[in-house]
Amino acid sequence: MEIKKGIAVSPGISVARAFILDSEEYRIPLRYIDAKDIGKEITRYEDAIHLSVKELDNIRKRFARRLGEDAAPIVEAHMKMLQDEHVKAQVIENIKKNKYSPEYAISRVLRRYTKALYSAHDTFFTNRIQDINDIERRLLKNLLEERREELGDLKEPVILVAHDLSPTQTITLDRSKIKGFVTDVGGKTSHTAIIARMQGIPAVVGLNSISLDVSGGDTIIIDGNSGLVIIDPDEETIKKYSAMGKSYVVFEKKLIQELKGQPAVTKDGHKVTLFANVELPQEVPLALKYGAEGIGLFRTEFLYNTPQRAPTEREHFDVYKKIAVQSRDRQIVIRTMDLGADKIQVGGGNKEKNPFLGCRAIRFSLLNPDSFRTQLRAILRASEYGYISLMFPMISSLSELRDAKEILEDVKDKLTQDKIPFNQKLKVGIMIEVPSAAMIADLLIKEVDFFSIGTNDLIQYALAVDRGNECVASLYQPAHPAVLRLIKSVIDEGARHHKNVAMCGEMSGDWVYTILLLGLGLKTFSMSPIVIPEVKKIIRSVTMVEAKKISAKAMASQNAQETADFLKEYTSRIVPQFS
């Protein structure tokens, strides 16, 4: 029996035989064509595009029938890229000018996009590589006239094991046959992960070599809650996890049903607001399904998927208007672009030796005012269609905040001059994710309407720990006394000025810290949609008096791990299902 730890991207527990999925990688050698065949080869390429789009349209329709139209944009994005005139022109130019075969021309062009995304060294953008690879495989398959059995045609219940799984492959999965999947690569923000959550398929990714460690027919266990995968489990372990899987399904359904429409209020009447963090527009319906009262963090980085150009104002506006309508008058907090040297740069940019301490987030926006103004105009225009608030990321000083607000006011004045309507009372907030911002919270709070604590970066910067570095991962401790003091000071400052303080980092959605944060005075939690019912259950199971006692004990502790263990044990006693 072997236990492997990966990234939990879709909750649930499954036990089944493994089905090893071929990678379907096509190795395309350099091949030239005769000049007389250029026209014929271009036609063959265009026919492959037409056939690929037709296949995707059929998949989109099947997906929409099963999960609703809100899921369709993922496939539509693939269809648009297949038909993108800029991409098509580059491929045809390679065929005409260099006399490359269509297969090689496609690989050459799309691999340039892949390389640009990979060089970003950022999880969100590297996850988009999966989409480009999916498009390339489909085109090459149709050019080579190969037909493979769709995953939806599987006859027996299995757990899929693969190096990677594309979004359109995931869409075709038959939930009655596919009990879960595990992959070598992947991340929480990939389209594949999002679709898995939409369909309720347990999944663990980022397992490095799982496709080599498992043979077809092996029994494996997926724990999509903790990210564990067990290969060749013994009978006792199989029985244990089979029972856990059934219990989880019952508990999850009961939890969602029990708490549907119920407020997040403590046993002694203290009301808390639960928002969702959203990566893409199609996640909004999922967030509402899980009980989100609004969107506490709408990330906008996905709009910058194309390295060659910045998104237009229209592209920004269409997305923001859509989520405003989807959210049905619930609050939406849109964060301006969090781009930088460690991520894709619009219009290029110099490499930095230490990008995490360099030109990123609000610093990048202030140095690229045209792109910044474009986004601000779109957010303001969309504010006419819903309860939208705006949030600046990674503010570290008062001068940065004032510079950003000055540009915002200029944009407002221009819209007013052009008689373009927007919400004149739009609320403006900032992320508190840099220690300097937490330490001058008393100055910053006077300039904004609200704070949102981004614990992911706050912990990283406060403890000088790269959370992506496995050598120091154990030092990344949310319960570290320094981190807790920073969080408490920010929450207290908000209370003194009667302004809301939210938290949108991963700590907000980790049930181990729910009671602690509640006791510290946090009134607005924003998290991944799928954990909202769990956090709500804990809040409704404790009194504010208890929470304050627990937080006081945690604040007095000098050992982060002991604090985390104490919080976990206490919560498990209140809500045994989380033990």
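Residues numbered from 1 in each chain as written. Predicted model: local features only at pLDDT ≥ 70, side-chain atom pairs only at ≥ 80, totals over all residues. Heavy atoms only, no water.

A few points about the overall build of the protein
Across its full length, the protein holds 23 helices and 17 strands. Across the 579 residues of the protein, 57% fall into the buried class. The contacts in the protein between residues at least 6 apart in sequence include a share of 69% that link residues at least 24 apart. Put simply, the protein shows about 25400 Å² of open surface, and 50% of that area lies on carbon and sulfur atoms. (Helix = DSSP H or I, 4+ residues; strand = E, 2+ residues; numbered from the N terminus. Buried < 20%, exposed > 50% of the residue type's maximum accessible area, 1.4 Å probe, protein only. Contact = heavy atoms within 4.5 Å. Areas by Shrake-Rupley, 256 points an atom, 1.4 Å probe, with all protein chains shown as cover.)

What about the packing of helix H22 (residues 544-556) against helix H23 (residues 560-574)?
Where H22 contacts H23, the two axes come as close as 10 Å, and the packing angle between them is 160°. What the angle tells us is that H22 and H23 run roughly antiparallel. Note on packing geometry: the crossing formed by H22 with H23 is right-handed. Residue-level inspection shows Glu-546, Ile-550, Lys-553 and Ala-554 of H22 in contact with H23, the latter providing Thr-563, Phe-566, Leu-567, Tyr-570 and Ile-574. Considering only residue class, the contact of H22 with H23 consists of six nonpolar, one polar and two charged. (Axes fitted to C-alpha atoms, helices over the stretch in contact; angles between N-to-C directions. Parallel < 35°, antiparallel > 145°, perpendicular 65-115°, else oblique. Left-handed = near helix turned anticlockwise from the far one by under 90°. Nonpolar A, V, L, I, M, F, W, Y, C, P; charged D, E, K, R; others polar.)

Looking at the nonpolar core
Core analysis: the largest hydrophobic core is formed by 134 residues, its most contacted members being Phe-298, Phe-392, Phe-451 and Ile-487. Considering each element in turn, this core owes the most residues, nine residues, to helix H1 (residues 38-67). In this structure, Phe-451 is in contact with Ile-430, Ile-432, Ala-441, Leu-444, Ile-445, Val-490, Asn-500, Val-501 and Ala-502, ignoring residues within four places of it in sequence. Counting residues in each nonpolar core, the second largest holds 14 residues, with Leu-160, Leu-165, Phe-181 and Ala-193 among its members. (Core = buried A, V, L, I, M, F, W, Y, C linked by side-chain atoms within 4.5 Å.)

Observations regarding the sheet that holds strand E1 (residues 2-5)
Taken in spatial order, the eight strands of this open sheet run E1-E8-E7-E3-E4-E5-E6-E2, and their pairing is mixed. Of all the strands in the sheet, just E1 and strand E2 (7-10) have a single pairing partner and so form its edges. Neighbour to neighbour, the strand axes of the sheet diverge by 30° on average, direction disregarded. Two strands pair when backbone bridges link them, and strand E3 (residues 13-20) and strand E7 (residues 219-223) are joined in this way by five bridges, in the antiparallel orientation. By the bridge assignment, Ser-14 is partnered in E7 with Ile-222. Across the face of the sheet, helix H10 (residues 235-259) comes into contact with E3, E7 and strand E8 (228-231) while running at roughly 115° to E3. (Pairing = 2+ DSSP bridges.)

Overview of the confidence of the model for the protein
Per-residue confidence for the protein gives a mean pLDDT of 85, with 87% of residues at or over 70. Ignoring residues within four places in sequence, the model shows residues 341-349, a span with pLDDT below 50, making 34 contacts including any to other chains. (pLDDT = per-residue confidence, 0-100.)

A look at the packing of helix H14 (residues 369-382) against helix H15 (residues 398-417)
Where H14 contacts H15, the axes come no closer than 10 Å and their chain directions differ by 60°. Accordingly, the angle class assigned to the pair H14 and H15 is oblique. For the element pair H14 and H15, the recorded crossing hand is right-handed. For the pair H14 and H15, the contacting residues are Phe-372, Arg-373, Leu-376, Arg-377, Leu-380 and Arg-381 in the first and Ala-404, Ile-407, Leu-408, Asp-410, Val-411, Lys-412, Lys-414 and Leu-415 in the second. When grouped by side-chain class, the residues that make up the contact of H14 with H15 number eight nonpolar, no polar and six charged.

Topic: the packing of aromatic side chains
Taken as a whole and assessed by the stated rule, the structure comprises six aromatic pairs. Here Phe-317 and Tyr-385 contribute two aromatic rings whose centre-to-centre distance is 6.0 Å and whose plane-to-plane angle is 65°, an arrangement assigned as edge-to-face. Here Tyr-385 lies in the loop between H14 and strand E13 (387-392) and Phe-317 lies in helix H12 (residues 313-326), a separation of 68 residues in the sequence. Look at Phe-317 and you get buried, because its relative accessible area is 6%. One aromatic cluster is present, formed by Tyr-32, Tyr-100 and Tyr-104 through successive ring pairs. Its end group placed over the ring of Phe-317, Arg-381 keeps NZ or CZ at 4.1 Å from the ring centre. (Phe/Tyr/Trp six-rings, centres within 6.5 Å; stacked < 30°, edge-to-face > 60°. Lys NZ or Arg CZ within 6 Å of the ring centre and 35° of its normal.)

A word on the environment of Glu-534
Along the chain, Glu-534 falls in helix H21 (residues 532-539). In this structure the C-alpha to C-alpha distance between Glu-534 and Asp-510, which are 24 residues apart in sequence, comes to 9.2 Å.

Some points on the side chain of Ser-10
As for its position among the elements, Ser-10 is in strand E2. Aside from chain neighbours lying at most four places away, what touches Ser-10 is Ala-196, Arg-197, Ile-201, Pro-202, Ala-203 and Gly-224.

Section: the pairing of E13
Burial analysis of E13 places five of its six residues in the buried class, which makes it a mostly covered element. Summarising the sheet, strand E12 (residues 331-335) and E13 pair through five bridges and their orientation is parallel. Along E13, the bridge assignment pairs Arg-335 with Met-391. Direction of pairing for E13 relative to strand E14 (residues 428-432): parallel, over a ladder of three bridges. If you follow Met-391 over to E14, its bridge partner there is Gly-429. Following the backbone out of E13, through H15 and into the adjacent parallel E14, one traces a crossover that is right-handed. (Right-handed = clockwise from strand over helix to strand, strands pointing away.)

Some details on the pairing of E12
Both faces of the sheet carry side chains from a regular strand, because those side chains alternate between them. Judged by how many residues are buried, E12 sits mostly within the fold: five of five residues are covered. Of the two faces of E12, both are covered, the one formed by Gln-331, Val-333 and Arg-335 as well as the one formed by Ile-332 and Ile-334. Note that strand E11 (residues 294-298) and E12 share three bridges and pair parallel. Pairing of Phe-298 across the sheet is with Ile-334, part of E12.

With respect to the pattern of salt bridges
Within this structure, the stated rule accounts for 28 salt bridges. Across the pair Asp-213 and Lys-4 runs a salt bridge whose closest N-O atoms are separated by 2.9 Å. With a gap of 209 residues between them, Asp-213 in helix H9 (residues 210-213) and Lys-4 in strand E1 connect regions that are remote in the sequence. Residue classification places Lys-4 among the buried residues on the basis of a relative accessible area of 15%. Its salt-bridge partner being Glu-409, residue Lys-412 comes within 3.5 Å of it at the nearest N-O pair. Of this pair, Lys-412 and Glu-409 both sit in helix H15, three residues apart, roughly one helical turn. Its relative accessible area of 11% is what places Lys-412 among the buried residues. The network of salt bridges with common partners includes Glu-301, Arg-335, Asp-338, Arg-360 and Asp-457. (Salt bridge = Lys/Arg side-chain N within 4 Å of Asp/Glu carboxyl O.)

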